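# A closer look at the structure
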Amino acid sequence: MDNNTPAAGTLSALALKLSQSRHYYWFLVAFLVCVSALGSFVNDMYSPALPAMCRFFGCSVPVAQMGLTMGMIGLASGQMILGPVSDRYGRKPVLAGSVILFIIAAVASTFSSDIHVFNLCRLFQGIGASGGYFLARTIPADIYTGRSLARLMALIGAINGIAPASAPVIGGVTADAYGWKGVFVVLAVFAALILLLSLNMKESLAVAKRDKGSLLKAFSGYGQLLHNRPFMTHTCLKGVALGFLFAYISSAPFILQTHYGLSQTVYGLVIGFNALFVAGGSMVALKFKPLKKAAVIGALIMAVGVAAEATALYSIHNFWIYEVFMIVILFGLGLIFTTSNTLAMNEGRDHAGEASSLLGVAGYVVGAIVAPLVGIDNVLHSTAIVYMVLTVGVALFALMSRRLAPDLDK
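Each value, and the rule that gives it
Residue numbers here run from 1 along each chain, matching the order of that chain's written sequence. Local features are withheld for residues below a pLDDT of 70 in this predicted model, meaning they are given only at 70 or higher, and side-chain atom pairs are given and counted only at 80 or more; totals for whole chains, interfaces and linings count all residues. As a convention, hydrogens and water are excluded, and side-chain values are obtained from all of the structure's heavy atoms. Counting from the N terminus, the helices are the DSSP runs of H or I reaching at least four residues and the strands are the DSSP runs of E reaching at least two. Categorising residues by exposure relies on relative accessible area from a 1.4 Å probe, with only protein chains included: less than 20% of the type maximum marks a residue as buried, more than 50% marks it as exposed, and the intermediate range marks it as partly exposed. Paired rings are identified among Phe, Tyr and Trp, the last through its six-membered ring, by centres lying within 6.5 Å, and are further divided according to the angle between planes into stacked (under 30 degrees), edge-to-face (over 60) and tilted (the rest). By definition, a salt bridge exists where a carboxyl oxygen of Asp or Glu is found within 4 Å of a side-chain nitrogen of Lys or Arg. Here, axes are lines fitted to C-alpha atoms. For helices the fit covers the stretch in contact, and angles between N-to-C directions go from 0 to 180 degrees. Any angle that is under 35 degrees is reported as roughly parallel, and any over 145 degrees as roughly antiparallel; angles of 65 to 115 degrees are reported as roughly perpendicular and all others as oblique. Each crossing is labelled by how the near helix is turned from the far one, with a counterclockwise turn of less than a right angle marking it left-handed and a clockwise turn marking it right-handed. By the convention used here, residues are in contact when the closest approach between their heavy atoms is within 4.5 Å. Amino acids outside the nonpolar list (Ala, Val, Leu, Ile, Met, Phe, Trp, Tyr, Cys, Pro) and the charged list (Asp, Glu, Lys, Arg) are all regarded as polar, and Gly is one of them. In this scheme, a helix's expected span is set at 1.5 Å multiplied by one less than its residue total. Pairing of N or O atoms within 3.5 Å defines a polar contact, subject to two protein rules: one partner must be a possible hydrogen donor and the other a possible acceptor, and residues neighboring in sequence count only if both atoms are side-chain atoms.

## Here's the deal with unusual backbone geometry
Omega for the peptide link from K289 to P290 comes to -5°, which places this bond in the cis form. Position of P290 among the secondary structure elements: in the loop between α13 (264–284) and α14 (293–316). Phi is positive for H317, close to 55°, though the residue is something other than glycine. Secondary-structure assignment places H317 in the loop between α14 and α15 (319–347). Judged by relative accessible area, H317 falls into the partly exposed class, the value being 37%.

Given below as structure tokens:
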């Protein structure tokens with residue numbers, strides 16, 4: 001039995017068989033990277049075009065940023081609905097249906113007559129992308145446990161650094177060449193490729209392991225998870241950390257393009273380069289034993305970086321200083337993402353669909369709130385304030401996690 005295989009008896013016979021196939025393991029890594037990337041692409045890829053869209057639709061910055069918020073609301077609500085559905089009917093049907101919805105919404109957005117119609121399309125894009133986004137955490141928890149689960153999720157997270165790294169680059173180049181509508185055509189094509197690849201994906205949730213009874217009863221797992229203190233602690237930690245990432249994504253186009261004068265393409269290259277540090281932090285987290293120590297170190301790194309970044313945003317106004325401190329912050333976030341994802345899913349595996357949904361929703365609830373806030377009045381000052389508030393939240397939940405008994409000690 002290889003190092004990626006969980007102990008016999010901990011999972012279903014089907015899951016154990018899948019975990020022992022090296023060929024399928026690497027297909028699964030590549031496929032889950034793609035489906036998870038769709039959740040990142042839904043916001044990251046069109047963010048370079050936000051200033052241009054303000055001009056195209058003749059709207060204000062906060063109204064344009066509402067497209068990000070609507071996407072996050074869709075991602076959050078979609079996960080809440082689809083999580084129990086996947087626990088009741090399996091992972092493959094949910095994945096196929098959600099990807100088809102995304103394709104339809106992405107194409108429809110290119111025909112938007114005004115910003116409000118576009119933002120409505122963004123809601124359905126978020127719902128469609130939510131299927132793959134939460135299943136990228138759910139499917140590994142169906143098959144792996146403990147450190148094996150941590151390794152797979154960290155590997156997917158690190159490789160998936162390519163998503164936020166490449167999305168702004170692709171989006172910037174596409175927007176420069178074909179305008180913002182071209183971005184959504186590319187997104188629709190990418191989703192169609194995922195749908196094609198899903199034909200080779202094996203169902204990870206055996207019939208015997210699925211929720212029995214009515215679909216309404218399947219939603220009862222949320223109540224049990226909400227009363228699970230370790231799960232909720234790790235989920236809140238992930239939520240505030242992911243909210244910070246969304247605040248960064250929302251503010252970066254206006255700081256880097258409008259304030260510092262970068263083109264859409266150069267902006268994409270900078271954001272892509274920065275995303276590699278999130279990936280690096282995701283892999284380094286595996287060095288910590290117990291794993292929860294990585295979250296405390298990540299929070300400390302973030303606190304130092306944010307204190308310096310806030311000072312720079314208020315008084316220094318130098319691109320390179322902004323960039324150096326942002327790299328530090330993003331590395332700390334990477335440490336937190338692997339820790340919170342793994343520990344939360346390890347605690348909630350008995351209701352993996354609902355657990356993954358709550359884990360994803362937590363970030364999008366925070367993200368939907370903070371995305372418009374960073375554009376209020378002076379974007380530099382409002383971003384600095386949002387960063388500081390969110391960092392306090394990250395530190396609080398990291399310390400709460402530290403006080404819990406370690407659930408991964410090998």
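So that's the structure; there's more coming.
## Here's the deal with the packing of aromatic side chains
Across all of its chains, the model carries 18 aromatic pairs by this definition. Aromatic side chains F56 and F57 sit 4.9 Å apart centroid to centroid with 85° between the ring planes, which places their arrangement in the edge-to-face category. Given the relative accessible area of 16%, F57 is considered buried. Summarising the aromatic geometry, the rings of F244 and Y387 are spaced 4.5 Å apart at their centres and angled 25° between planes, so their arrangement reads as stacked. Taken together, the positions of F244 in helix α12 (residues 229–259) and Y387 in helix α17 (residues 379–402) put the pair 143 residues apart, joining distant regions of the chain. Note on accessibility: F244 and Y387 belong to one class, buried. Three or more aromatic residues link up through ring pairs in this structure, and these residues are Y46, F56, F57, F118, W180 and F184.

## Some thoughts on the pattern of salt bridges
It is possible for side chains bearing opposite charge to pair when their charged atoms get close. Scanning the model with the defined rule gives 2 salt bridges in all. Taking the shortest distance from any N to any O, the salt bridge between R91 and D87 comes out at 2.7 Å. You'll find R91 and D87 in the same group, each marked buried. Residue D142 is joined to R91 by a salt bridge in which the shortest nitrogen-to-oxygen separation is 2.8 Å.

## Focus: the environment of L343
Residue position: L343 is located in helix α15. C-alpha of L343 to C-alpha of H23: the two residues are 320 residues apart in sequence and 26 Å apart in space.

## What about the packing of α15 against helix α16 (residues 352–373)?
Here α15 crosses α16 at 150°, and the two axes come no closer than 9 Å. Relative to α16, α15 is oriented roughly antiparallel. Here the hand of the crossing between α15 and α16 comes out right-handed. Between α15, through S340, N341, A344 and M345, and α16, the contact on the second element is made entirely by A352, A355, S356 and L359. Here the contact of α15 with α16 is built from residues that sort into 5 nonpolar, 3 polar and no charged.

## Describing α17
Between its terminal C-alpha atoms α17 stretches 34 Å, which fits the 34 Å expected from 24 residues at 1.5 Å a residue. Capping the start of α17 is the job of one residue whose side-chain oxygen sits 2.9 Å from the backbone nitrogen of L380: N378.

## Concerning the side chain of Q257
Considering the arrangement of structural elements, one finds Q257 in helix α12. On the accessibility criterion, Q257 (12% relative accessible area) is buried. Once you skip the residues sitting within four places of it in the chain, Q257 turns out to touch P48, P51, A252, L262, S263, Q264 and Y267.

Any link to function would need more than the numbers given here.
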